[in-house]
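What follows is the residue order along each chain.
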Amino acid sequence: MEKDNLIVAIDIGTSKITTIVGDIGEYNDLHIIGLGEVPSRGIEKGIVTKPQDAISAIRASINQAEDTAGFKIDHAVVNIGGPHLECQNEKEFSTFSIPQKEIEKEDIDALTQKVASKIGKENYEIIHILPKRFILDDENEVIDPVNLIGSKLEAEFHIVLDKINAYQNLKRVIEAANIKPIEFIANSIASSAAVLYPEEKDMGVIVLDIGGGTTDIAVYKEGSLEYTKSLPLGGKQVTMDIAHRFKISKEDAENIKKEHGIAVVEGLASNDIIEIYPRGSEESIQIEKYDLVDTIEARLSEIFEIVKSDLSKANLPKNLNAGIVITGGVANTLFIRELAESIFNIDVRIGKPKDFSGLSEKLFYPQYATSIGMLTFMKNNNLFSQNSNAFSVKKDSFNISETFKKLIDKIKEIF
Ligand SMILES: Nc1ncnc2c1ncn2[C@@H]1O[C@H](COP(=O)(O)OP(=O)(O)OP(=O)(O)O)[C@@H](O)[C@H]1O
Ligand SMILES: [Mg+2]
């Protein structure tokens, strides 16, 4: 096992903290060899609310991943989300005096630096500067200018910024859990990397990752990123609505939502009754399924309406012909696709992470789009090799068969 091929992602969500260890194979294939998951604590909607709880939850998730993978983790790629993120698109160019100048990677780096100093905003940290397209000599749009000859290189970038204090608080809890964050990736960008097909990006597509606390939006057109946003909306609100309406605990509400909830009332028999046994109570209570679904539909519709109005304010290109891809835990809600189609009037599909082999079937569910996507993003952008010493792997301290056995035992234990 070559340590250069290993990379770790930590998805710090409002509901769960997932750590996955990926092994990038000879043919650039992604194989997951370590997994840790604990309920989230001390972090909501990307904001640290209780540092000590956040640190111990992050550490617990990493410990599980270390046990399954069989080595110590000290670096990782980490997600970032929450309404404190902002995006903007910028253009920048460089001119070259050398005749027949061959464009090098350094020229692109210099252009990226130039745009970074231009957009540098006080109290903000730059999370991403992603080139959208390059134009050579004012006329030719090129995908990758390296090794081409030109005298002027222009680029458009999609930039994601985070409020410095929110960013620093997140970074500090990760460091306090003894992990060096080697890269931060916006939720929407990570999830898109896991669930989208290249043709969808070309045709124009909207990705919605609806998690417990945030709805992360990414819009692609002509193959590149146009818009990103992280709204403070998610499945936790649905759970709280159910808890309030039926006067039950959050835990009971979460359970009945997952067990009996669907997204549309239309077509439901009005007299179906659900019997539940609230935790700590001897007596059962009965609720009408129609009322449960009505509560879920109302909140999910509101989330979609807010997304719709955000998108219309963002003045996006028309004809996003690949429609909407919904992912994140809330995408598991039955009939959510139908509800979204009725509100947005475009095609909707459910996005699940793809293009990897996993050590657990459960990673193929939408709530793992962000964690898998972080590794896909690193792999697709050739970023993992630059961070290849991301592990303190003590190769002599274990052998493959021991590790494999440990992993199987651990998986049995966890799942
Ligand atoms: N089968 C299901 N039906 C309805 N809702 C579900 C189902 N499974 C998961 N959810 C909801 O998905 C949400 C969790 O999603 P996810 O794991 O993607 O969130 P997260 O990444 O921890 O949070 P965030 O990214 O918003 O900070 C919870 O609100 C949960 O109730
Ligand atoms: Mg999430």
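(A) Seen up close, the overall build of the chain. Per the secondary structure count, the chain includes 11 helices and 20 strands. Against the compact-globule benchmark of 22 Å for 415 residues, the chain has a radius of gyration of 23 Å, which places it among compact chains. Taken over the C-alpha atoms alone, the chain extends approximately 85 × 55 × 40 Å along its principal axes. For the chain, with 415 residues in total, the buried portion stands at 44%. Considering only contacts in the chain between residues 6 or more positions apart, those separated by 24 or more positions represent 70%.

(B) How the structure looks around the domain arrangement of the chain. Each assigned domain of the chain is listed here: domain 1 (3-82 + 167-196 + 353-414) and domain 2 (85-164). Listed per partner, the contact involves eight residues of domain 1 and eight residues of domain 2. Residues that form the side of domain 1 that touches domain 2 fall into these classes: five nonpolar, three polar and no charged.

(C) Main features of the confidence of the model for the chain. Per-residue confidence for the chain averages 91 on the pLDDT scale, and 92% of its residues sit at or above 70. For the stretch residues 388-415, pLDDT sits under 50, and the model shows 35 contacts to residues farther than four places along the chain or on other chains.

(D) Representation of the packing of helix α8 (residues 289-313) against helix α9 (residues 336-344). Orientation of α8 relative to α9, taken along the N-to-C sense of each, is 45°, at an axis distance of 10 Å. The orientation of α8 with respect to α9, classified from their angle, is oblique. By crossing handedness, the relation of α8 to α9 is classed as right-handed. Contacts between α8 and α9 involve E297, L300, S301, F304, E305 and K308 on the former and, on the latter, I336, L339, A340, I343 and F344. Taken together, the residues of the contact of α8 with α9 break down into seven nonpolar, one polar and three charged.

(E) Just the sheet that holds strand β2 (residues 16-24), in detail. Pairing in this open sheet of five strands is mixed, and the strands run β3-β2-β1-β7-β12 from one edge to the other. If you trace the sheet from one side to the other, it starts and ends with β3 (30-39) and β12 (180-186), each paired once. Pairs of neighbouring strands in the sheet enclose a mean axial angle of 25°, with direction left out of account. Sheet contacts for helix α1 (residues 51-69): β1 (6-12), β2 and β3; angle to β3, the most-contacted strand, approximately 145°. In the packing of helix α4 (residues 187-195) onto the sheet, contacts are made with β7 (75-80) and β12, and the angle to β12 comes to roughly 80°.

(F) Structural context of the sheet that holds strand β11 (residues 152-163). If you walk across this open sheet you meet the four strands as β8-β11-β9-β10, and the pairing is antiparallel. The open sheet terminates on both sides in strands that have one partner only, identified here as β8 (85-95) and β10 (140-142). Strand-to-strand twist in this sheet, taken as the mean axis angle between neighbours without regard to direction, amounts to 30°. Pairing of β8 with β11 involves 11 bridges; the strand directions are antiparallel. Following the sheet pairing, K91 is matched in β11 by E156. Sitting on the sheet, helix α2 (residues 105-119) is in contact with β8, β9 (124-136) and β11, with an inclination near 130° to β8. Contacting β9 and β11, helix α3 (residues 164-176) crosses the sheet at an angle of about 75° to β11.

(G) Representation of the nonpolar core. Among the nonpolar cores identified, the biggest contains 108 residues, and V8, I58, V77, I185, V207 and I326 are the most heavily contacted of them. Mapping this core onto the domain boundaries places at least three of its residues in each of domain 1 (3-82 + 167-196 + 353-414) and domain 2 (85-164). Residues contacting V207, with those up to four places away along its chain left out, are S188, S191, S192, V195, L196, I217, A218, V325, T327 and G351.

(H) Layout of the environment of I206. When you line up the elements, I206 lands in strand β13 (residues 205-210). We classify I206 as buried; it has 26 C-beta atoms within 10 Å. In sequence terms I206 and I326 are 120 residues apart; their C-alpha atoms lie 8.4 Å from each other. Those residues in contact with I206, other than ones at most four positions away along the chain, are I217, V219, L311, L320 and I324.

(I) Focus on the pairing of β9. Here 11 bridges tie β9 to β11, and the two strands are oriented antiparallel to one another. In the strand pairing of β11, P131 is matched with F157. Pairing analysis gives three bridges linking β9 to β10, with the strands arranged antiparallel. Residue L136 lies in a different strand from β10, and its bridge partner there is N140. Counted along the chain from β9 to the antiparallel partner β10, the turn is three residues long, and its residue D137 has a positive phi close to 50°.

(J) Just helix α7 (residues 250-260), in detail. Within α7 the residues assigned to the buried category are D252, A253, E254, I256 and K257. Those residues of α7 hidden inside the fold are in contact with α6 (235-246), β16 (273-276) and α8.

(K) Layout of the environment of Y365. Within the fold, Y365 resides in the loop between β19 (348-350) and α10 (369-380). Y365 sits in the partly exposed class, given 16 other C-beta atoms within 10 Å. As for Y365 and G323, which are separated by 42 residues in sequence, their C-alpha atoms are 20 Å apart. Ignoring anything within four residues of it in the chain, the contact list for Y365 reads N332 and K352.

(L) The packing of α6 against α7, seen in detail. It is the contact of α6 with α7, at a shortest axis distance of 8 Å, that shows an interaxial angle of 110°. Considered as vectors, α6 and α7 are oriented roughly perpendicular to each other. In this structure, the crossing between α6 and α7 has a hand that is right-handed. Judged by residue contacts, V238, T239, M240, I242 and A243 of α6 engage K250, A253, E254, I256 and K257 from α7. In terms of residue class, the contact of α6 with α7 is built from six nonpolar, one polar and three charged.

Procedures and definitions
Residues numbered from 1 in each chain as written. Chains lettered and ligands numbered in written order. Predicted model: local features only at pLDDT ≥ 70, side-chain atom pairs only at ≥ 80, totals over all residues. Helix = DSSP H or I, 4+ residues; strand = E, 2+ residues; numbered from the N terminus. Rg over C-alpha atoms; globule rule 2.2 N^0.38 Å. Buried ≥ 20, exposed ≤ 12 C-beta atoms within 10 Å, placed from the backbone. Contact = placed C-beta atoms within 7 Å. Domains from an automatic or database assignment. Nonpolar A, V, L, I, M, F, W, Y, C, P; charged D, E, K, R; others polar. pLDDT = per-residue confidence, 0-100. Axes fitted to C-alpha atoms, helices over the stretch in contact; angles between N-to-C directions. Parallel < 35°, antiparallel > 145°, perpendicular 65-115°, else oblique. Left-handed = near helix turned anticlockwise from the far one by under 90°. Pairing = 2+ DSSP bridges. Core = buried A, V, L, I, M, F, W, Y, C linked by C-beta atoms within 7 Å.

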